[in-house]
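Residue-level listing of the chains:
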Amino acid sequence: DYADTYLCNQLAIQKIAACVNPCMIRSASPSTSEEPPATILVVGGSGAIGRATVNELLTRFTSCTVHATYHSSNPAKADRLVWHKLDVRDSQQIKSLAKGFDHIDWVINCAGYLHGEHGGPEKSIRVIESDFLIENIKLNTLPTLLLAKHFAAALKKSPMPKLATVSARVGSIEDNRLGGWYSY
């Protein structure tokens, strides 16, 4: 239901913001000597959680440039927002994207896959299919490792580097009250 999805997305944004930099979220001006980020990349920026994250970052950090990725169709443009086409399963594409950044402060991975041409969410362990499981690993697990590998050098040049991965509630081991979704 849309209201539940919207609420979950809003809660996810609050959790991201709190985890990434708590002192920056509480007030418009930092309460510590840490500078706000200048450059942020949101991978999966065209998805529901990614779009909400991009919008929140653009609102909270008014001097920051946000880079975001999309998979198929180029989303709407906005000030301080730069879009990059990216297939998160492709190590070479991630490597090429990373080469475009001399330094980056935050990389937030919001890319995720719940269902598609290879199958849908498993409500029972009896319906797990290997092709669907492998596709989930390619889209939900591998990208974080590839992002860490290829963006490490640019992140190391930041005084406050952050690498975060976000998923929907059904991906939570602790908070998935619906059950199922084993491969996610």
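Quick note: structure is the one above.
I will try to describe carefully the structure that is included in this document.

Quick notes on the rules
- Residues numbered from 1 in each chain as written.
- Predicted model: local features only at pLDDT ≥ 70, side-chain atom pairs only at ≥ 80, totals over all residues.
- Heavy atoms only, no water.
- Phe/Tyr/Trp six-rings, centres within 6.5 Å; stacked < 30°, edge-to-face > 60°.
- Helix = DSSP H or I, 4+ residues; strand = E, 2+ residues; numbered from the N terminus.
- Buried < 20%, exposed > 50% of the residue type's maximum accessible area, 1.4 Å probe, protein only.
- Pairing = 2+ DSSP bridges.
- Axes fitted to C-alpha atoms, helices over the stretch in contact; angles between N-to-C directions.
- Contact = heavy atoms within 4.5 Å.
- Right-handed = clockwise from strand over helix to strand, strands pointing away.
- Patch = residues over 30% accessible without salt bridge, like charges linked within 9 Å, V, L, I, M, F, W, Y side chains within 5 Å.
- Areas by Shrake-Rupley, 256 points an atom, 1.4 Å probe, with all protein chains shown as cover.
- Salt bridge = Lys/Arg side-chain N within 4 Å of Asp/Glu carboxyl O.
- Lys, Arg positive; Asp, Glu negative; His and termini not counted.
- Polar contact = N/O pair within 3.5 Å; in protein donor to acceptor, adjacent residues only side chain to side chain.

Our next topic: the packing of aromatic side chains. Enumeration according to the criterion identifies 3 aromatic pairs in this entry. Relative to Trp83, the ring of Tyr70 has its centre 6.3 Å away and its plane inclined at 70 degrees; by these criteria the two rings are edge-to-face. Taken together, the residues Tyr70 in strand S2 (residues 65-70) and Trp83 in strand S3 (residues 81-85) connect sequence positions 13 residues apart. Like Tyr70, the residue Trp83 is buried in the burial classification.

Okay, the sheet that holds S3 next. Read from one edge of the open sheet, 5 strands run S3-S2-S1-S4-S5, paired in parallel fashion. Only two strands of the sheet have a single neighbouring strand rather than two, namely S3 and strand S5 (162-165). Across the sheet, the axes of successive neighbouring strands diverge by a mean angle of 15 degrees, strand direction being ignored. Bridging between strand S1 (residues 39-43) and strand S4 (residues 106-109) involves 4 bridges; their strand directions are parallel. Its bridge partner lying in S4, Val42 is registered against Ile108. Running at roughly 165 degrees to S1, helix H3 (residues 48-60) makes contact with S1, S2, S3 and S4 of the sheet.

For S1, a buried count of 5 out of 5 residues is recorded, marking the element as mostly surrounded by other parts of the structure. Here S1 shows a buried face lined by Thr39, Leu41 and Val43 and a second buried face lined by Ile40 and Val42. Strand direction decides the pairing type here: S1 and S2, joined by 4 bridges, are parallel. Each residue of the ladder has a partner; that of Thr39, found in S2, is Thr65. Since S1 and S2 lie parallel, the crossover through H3 that links them has a hand, and here it is right-handed.

Let us now look at a nonpolar patch on the surface. Taken together, the side chains of Ile125, Ile128, Leu133 and Ile137 present a nonpolar region at the surface, about 330 Å² in accessible area. Here Ile125 lies in the loop between S4 and helix H5 (130-140). Residue classification places Ile125 among the exposed residues on the basis of a relative accessible area of 58%.

This paragraph deals with the side chain of Asp105. With respect to the helices and strands, Asp105 occurs in the loop between helix H4 (91-99) and S4. Of the buried charged residues, Asp105 lacks a salt bridge, with Lys162 as the closest side chain of opposite charge at 9.2 Å. There is a polar contact of 2.6 Å between the side chain of Asp105 and the backbone nitrogen of Ala38. Aside from chain neighbours lying at most four places away, what touches Asp105 is Pro37, Ala38, Thr39, Leu155, Ser158, Pro159, Met160, Pro161 and Lys162.

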